[in-house]
Amino acid sequence: MAAPPAKKALRPGKPVFKLDLPYTQPQWPQISTADHDIILEMLVNLLVPIGQHRSAHGTPSKGKRSRKRKRHGALSEAATSAPPPPPPPDLIRHITVGINSTTRHLEQLAQAAGGAQSDQMDPSKQSHAVAPGETNAPPHPAKSLRHLSLIITLQPPSSITTSHLPLLTQTASHGLASSETALLVPLKPVSESKLATALGLPRVGVIGIMDDAPGVEPLIKYARERVPTTDVPWLREALGGHYLPVNVLTEQPGTKSGSRK
């Protein structure tokens, strides 16, 4: 009986080259389990009044179809006789909930910090002698933005949704002392249910807390003592003026790892 023909060896595929930035990636802060649980408990106790107000006085949505059925001006007697609900806790005006609102606030802070730095470096925008009866203040002064002291995230650092937060946290705190810079506090994703319940919301991913929020001083103090600040090395590397070679990642089809050149 003739032996079966030998199989031809498969030729390796062509290598694939990928380019990567030469800068060092930001390092997210690491929090111990004990500190994580304490920060989570303090945060839940701080936010509970907001959820209690929403559950007691919030009006659940009944959808657009229910609104279309109502006639304009036709209100029930119970609705007209019911007293207005009490105002929400003052804390709600000192926090940002969600990735979009927190990102917008950080972008505005970063833009204001960058504009102030450029004005200091531009001699034409420095203050000059002011004649009597005149002022060197801008005609329409921008409304002062309140600084975010804590940015709470509930997604892993590898998530693309929050990958921009380390950079925004640093640029929004430009010119501030180290004790006043914004602090990025990553919590475990399993903590979302507790914080969402405290806020009276179905889900929550990012929470920003302003430095003047009522009752937040113990939380900010404990977080600054236990959580290190987020370092973004490429901000220094990009301004250093030194040449950094491009990282080339070589991947061979069929393999799981590659080599950098």
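Please refer to the structure placed before this passage.
Conventions we followed
Residues numbered from 1 in each chain as written. Predicted model: local features only at pLDDT ≥ 70, side-chain atom pairs only at ≥ 80, totals over all residues. Heavy atoms only, no water. Helix = DSSP H or I, 4+ residues; strand = E, 2+ residues; numbered from the N terminus. Buried < 20%, exposed > 50% of the residue type's maximum accessible area, 1.4 Å probe, protein only. Areas by Shrake-Rupley, 256 points an atom, 1.4 Å probe, with all protein chains shown as cover. Pairing = 2+ DSSP bridges. Right-handed = clockwise from strand over helix to strand, strands pointing away. Axes fitted to C-alpha atoms, helices over the stretch in contact; angles between N-to-C directions. Contact = heavy atoms within 4.5 Å. Core = buried A, V, L, I, M, F, W, Y, C linked by side-chain atoms within 4.5 Å. Salt bridge = Lys/Arg side-chain N within 4 Å of Asp/Glu carboxyl O. Nonpolar A, V, L, I, M, F, W, Y, C, P; charged D, E, K, R; others polar.

A closer look at the overall build of the protein chain
Point 1. Secondary structure assignment for the protein chain yields eight helices and seven strands.
Point 2. The buried share of the protein chain, reckoned over its 261 residues, is 28%.
Point 3. Summed over all atoms, the accessible surface of the protein chain reaches about 18,400 Å², with 57% contributed by carbon and sulfur.

Some words on the pairing of strand 3 (residues 148-153)
Point 1. The buried fraction of strand 3 is high, at six of six residues.
Point 2. As defined by bridge partners, strand 3 adjoins strand 5 (residues 206-210) across five bridges and the pair is classed as antiparallel. Paired with Leu-150 across the two strands is Ile-209, which belongs to strand 5.
Point 3. The sheet contact formed by strand 3 and strand 4 (residues 183-186) spans four bridges and is parallel. Each residue of the ladder has a partner; that of Ile-151, found in strand 4, is Leu-184.
Point 4. Assessed by its sense of winding, the connection that carries the chain from strand 3 through helix 5 (residues 165-172) to strand 4 is right-handed.

Focus: the sheet that holds strand 3
Point 1. Pairing within the open sheet is mixed, and its four strands lie in the order 2-5-3-4. In the strand order of this sheet, the two ends are held by strand 2 (95-97) and strand 4, each with one partner. The sheet shows a mean angle of 15° between the axes of neighbouring strands, direction not considered.
Point 2. Contacting strand 3 and strand 4, helix 5 runs over the sheet at an angle of about 155° to strand 4.

Looking at the nonpolar core
Point 1. Judged by nonpolar contacts, the single largest core of 29 residues is most densely connected at Leu-47, Leu-150, Leu-187, Leu-195 and Ile-209.
Point 2. Listed by contribution, the elements that provide at least two residues to this core are helix 1 (33-57), strand 3, strand 4, helix 6 (192-199), strand 5 and helix 7 (217-226).
Point 3. Ranked by the residues each element gives to this core, the list is headed by helix 1, at seven residues.
Point 4. Beyond its immediate stretch of four places on either side in the chain, Leu-187 contacts His-36, Ile-39, Leu-40, Leu-43, Ile-152, Thr-153, Leu-154, Gln-155 and Leu-195.
Point 5. One finds Trp-28, Leu-106, Leu-165 and Leu-168 within the second-largest nonpolar core, a separate group that totals 12 residues.

Things to note about the environment of Pro-15
Point 1. Tracing the backbone shows Pro-15 in the segment before strand 1 (16-20).
Point 2. Residue classification places Pro-15 among the partly exposed residues on the basis of a relative accessible area of 37%.
Point 3. When neighbours within four sequence positions are excluded, Pro-15 is seen to be in contact with Thr-250, Glu-251, Gln-252 and Pro-253.

A word on the side chain of Ser-149
Point 1. With respect to the helices, strands and loops of the structure, Ser-149 is situated in strand 3.
Point 2. Here Ser-149 falls in the buried class, since its relative accessible area comes to 3%.
Point 3. Among residues more than four places away in sequence, those in contact with Ser-149 are Thr-181, Ala-182, Leu-183, Ile-209, Met-210, Asp-211, Ile-220 and Arg-224.

Considerations on the pattern of salt bridges
Between side chains of opposite charge, a pair can form as their charged atoms come close.
Point 1. For the coordinates displayed, the defined rule picks out three salt bridges.
Point 2. Between Asp-231 and Arg-236 there is a salt bridge; the shortest N-O distance is 2.9 Å.
Point 3. A relative accessible area of 33% places Asp-231 in the partly exposed class.
Point 4. Given a relative accessible area of 52%, Arg-236 falls into the exposed group.

Brief notes about the packing of helix 1 against helix 6
Point 1. Close contact between helix 1 and helix 6 brings their axes to 5 Å; oriented N to C, the two are set at 40°. Across the interface between the two elements, Leu-40, Leu-43, Val-44, Leu-47, Val-48, Ile-50, Gly-51 and Arg-54 of helix 1 pack against Lys-194, Leu-195, Thr-197, Ala-198 and Leu-199 of helix 6.
Point 2. The residue makeup of the contact of helix 1 with helix 6, split by class, is nine nonpolar, two polar and two charged.

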